[in-house]
Every structure is written in structure tokens, then in C-alpha cells.
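# Observations on the three-dimensional arrangement
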Amino acid sequence: MLMSRIYNFSAGPAMIPESVLERAAAEMADYKGTGMSVMEMSHRSKAYIAVFESVENKLRKVMDIPATHKILFLQGGATLQFAAIPMNLMGGNGSADYAVTGLFSQKAHAEAQKYGAARLAASGKQSNFTSIPSKQSLDLDPRASYFHYCHNNTVFGTRWDYLPVTGDVPLVCDMSSSILSEPVDVSKYGVIYAGAQKNMGPAGLTVVIVREDLAGRALPCTPSVLDYAAQIKNESMINTPATYGVYLLGLVLDWVESQGGLGAMKKIAEQKAALVYDMIDDSDLYRSQVEPHCRSMTNVTFNLGNIELDELFVKQAAGRGMTTLKGHRATGGIRASLYNAMPLDGVRKLVEFMKEFQFNNT
Ligand SMILES: *Cc1c(COP(=O)(O)O)cnc(C)c1O
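Residues numbered from 1 in each chain as written. Predicted model: local features only at pLDDT ≥ 70, side-chain atom pairs only at ≥ 80, totals over all residues. Heavy atoms only, no water.

Core analysis: the biggest nonpolar cluster contains 57 residues, and L59, M63, F73, F147, L180 and Y247 have the highest contact counts within it. Of all the elements, helix α6 (residues 243-258) adds the most residues to this core, at 10 residues. A domain-level breakdown of this core finds at least three residues from each of domain 1 (22-257) and domain 2 (261-360). Not counting chain neighbours up to four residues away, the residues in contact with L180 comprise L59, V62, M63, N199, M200, L253, L262, M265 and N340. (Core = buried A, V, L, I, M, F, W, Y, C linked by side-chain atoms within 4.5 Å. Buried < 20%, exposed > 50% of the residue type's maximum accessible area, 1.4 Å probe, protein only. Helix = DSSP H or I, 4+ residues; strand = E, 2+ residues; numbered from the N terminus. Domains from an automatic or database assignment. Contact = heavy atoms within 4.5 Å.)

Right, let's get into the site of the ligand. In the neighbourhood of the ligand, 13 residues make up the surrounding shell, with T79, T154, D174, Q197 and K198 lying closest. Here an oxygen atom of the ligand sits 2.5 Å away from a polar atom, N or O, in the side chain of T79. Here the ligand loses 86% of its free accessible area of 390 Å² to cover by the protein chains. For the shell around the ligand, the leading source of residues is helix α3 (residues 77-89), giving four residues. Residue composition of the shell around the ligand, by class: four nonpolar, seven polar and two charged. (Near = heavy atom within 4 Å. Polar contact = N/O pair within 3.5 Å; in protein donor to acceptor, adjacent residues only side chain to side chain. Areas by Shrake-Rupley, 256 points an atom, 1.4 Å probe, with all protein chains shown as cover. Nonpolar A, V, L, I, M, F, W, Y, C, P; charged D, E, K, R; others polar.)

The subject of this paragraph is the domain arrangement of the chain. Here the chain is partitioned into domain 1 (22-257) and domain 2 (261-360). Distance from the C-alpha centre of domain 1 to the C-alpha centre of domain 2: 27 Å. Buried surface at the junction of domain 1 and domain 2, both sides included, amounts to about 2100 Å², of which 58% is carbon and sulfur. At the junction of domain 1 with domain 2, the criterion picks out zero salt bridges. Where domain 1 touches domain 2, the interface holds 14 residue pairs in polar contact (both at pLDDT 80 or more). Put simply, the parts of the chain that give the side of domain 1 that touches domain 2 at least two residues each are α2 (46-63), β7 (158-159) and α6. When residues in the side of domain 1 that touches domain 2 are grouped by element, the largest group, three residues, is from α6. (Buried area = accessible area lost by both parts, 1.4 Å probe. Salt bridge = Lys/Arg side-chain N within 4 Å of Asp/Glu carboxyl O.)

This is the structure:
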């Protein structure tokens, strides 16, 4: 590791593999003999179209995306998709089902209410979002246009440990903070979307994977850049896409493949998360509020029982080269985000520090 690099436990924008940054740096000023940076290329140029298409093919390969589904490289973050999804998919009967299991799914639900009847099909609010509603408790409308949920709740540190079964109602899933961390059966989904800045690359790129037969029913007020059918037709280039972000996603995907693909990513994610959860479970100082069966593999949340200790922990960890461990303002406490690019050594170092801090403060 470069001497100046630190372990950044940020929930996003988050770490990017060091080898990816080095390759991007090496190709920065002159991309493969073109005499220019990818950033400087016309998005309509031959050189750039080759980059764009190869990244799309790589994502299709790494995620095993079937031909029934189109890949869109858009802008506006996952948050703009909170609006794009109802605009594109609610046209049928004007209603959709939402599971609210954290901060972002709550925002998605609120946004959708502007465009139609966004029903609350499940809520984790009663448990303060420390658990995921059970299969039996989902209140599903068989005529809903779609069922929306957030696979991994970045803020609270929970994740769905089962796939919701909704019959013919398409599953729409916010995978911003878990995409590329494990294999996914894409054929089971109507739409998967993710902001890139957690596990795919830099902020500014939003990946949307949409079952093609669901596109083409957008509400008349839908802006063209948000209209899936229009973006499919224009191959994500109604206007200038996040050109450099797409290129960087390509480098990240090469790295994921070099590590053994999504199966390998899942193994290492489980190993990293287990190190921290075992430490928490064996400790009287560290407490996890999350129900064990729905613990997140990518965002581990815990606290030390009082705010002063939480703050001291964050401060001393930063002094050891482990930063951005402060929990989200909605939860307080500590959050260690362990996305793909966080090395195993970074997690080992964190756990060692947790042991030492416990020894010194109990
Ligand atoms: C970060 C995050 C978002 C918000 O993403 P933006 O790209 O900032 O809009 C939405 N959902 C989840 C699950 C996230 O982790």
C-alpha cells in the first residue's frame, strides 16, 4: 500500500481499489495513445464509444445480466431514480408498493407519493429500523405496478436476508450500497439501480438495470433523460453521460474480475463483516442494535453506550489512519463501511484497535 493511503471507512463516496486509481493515473493524460484523457473525449467519438460499450459488456458479464434486461448509465444519483421509477412504472394503475426499512427507502417512498399512490407495504419504523420486516408481514397488493425495496440499508446497517416474493409484481430494488458485493439473480428483478459511489466508482454515475418490457409506459410529464424507453433507444446518450465515471467503473469491474468475480467478493465481504461482528458479540463495550439475521455485510453499525466514548473512538481511530467511522447523524454511534475496496488488512487493523480501545476504556 502507498504510504500516504489510509483506511477510509466512509459510507460513500468510498474507497476505490488502489490498483484502479493507479491505472487511472497512468492513463490520465494520454488514454491508450489517443493523446487525450478519457475526460476530454467527445462522448460520440469512436474511442469513447469503445470504452462505453466495453464497460457495458463487462457489467453484463460480471453481474450475469440476461438479455431481457438493459443497462443504462445515467446521472442524478440513486435519489433521482426515486422519482424516475414511479414516473416510468406507475403509469399502469397509478399505485405501487413500498417497503420502508431505512432512510433511503423512506425518501423513495415519499418521492413516489408525488406521482401516484405509493402504498406502505412494510415498515421497519417500529423497530427503529433495526430489523427487516418478515416475509409474512409484507402487506402486498397483487395489482401494484411494482414493489420497491432497498436491499442494504446504508444508514442503519441492515439488509434483506430474503428475496421478497411478489408474484407478477415486478421487484424494484435500490442496491446502491450492496451492488457488486455478491452475486444477484438479475432475472428476478424488474429494475435494479445504484449510485456508483459506494461500490462501483466515483459519484456522478448511476447504474440502472431495467427489464426492457417494463419501459415505454412513462407518465407524459417524464423528462426525456429520466424516461427509460428514451434512454434505451438512445443508448444512455440523450445528453452527455458521466463519461469518466463509466470509464472508472470499467476499471473497477476489471479489478472485481481479477479478484475472482462476485462469488469471491461475497466470500471476502462475509469474512470482513464477521471479523467486526465477532468482535462486537464478544465484547461488553460494543453494542449492535441490529437483529443478527439481517446484519449488513457492507455497513456495520455499533455504539459504545455513550456519546463521549463514541467520539473518543472515532478520534483515536483517525489518529491511527482509520477515518470516517462516525455513524450517520440519524443514528449516531459508529459505522464501518466495508465495501469491496476496503482491504482485509484494514478490517484487521480496525478490530485490533477495537480490542485495544476496549482494554483502555473498561
Ligand atoms: C447513498 C445511497 C443513496 C443516495 O444516493 P445518491 O447517489 O446520493 O442519490 C440511495 N440509496 C442508498 C441505499 C444509498 O446507499
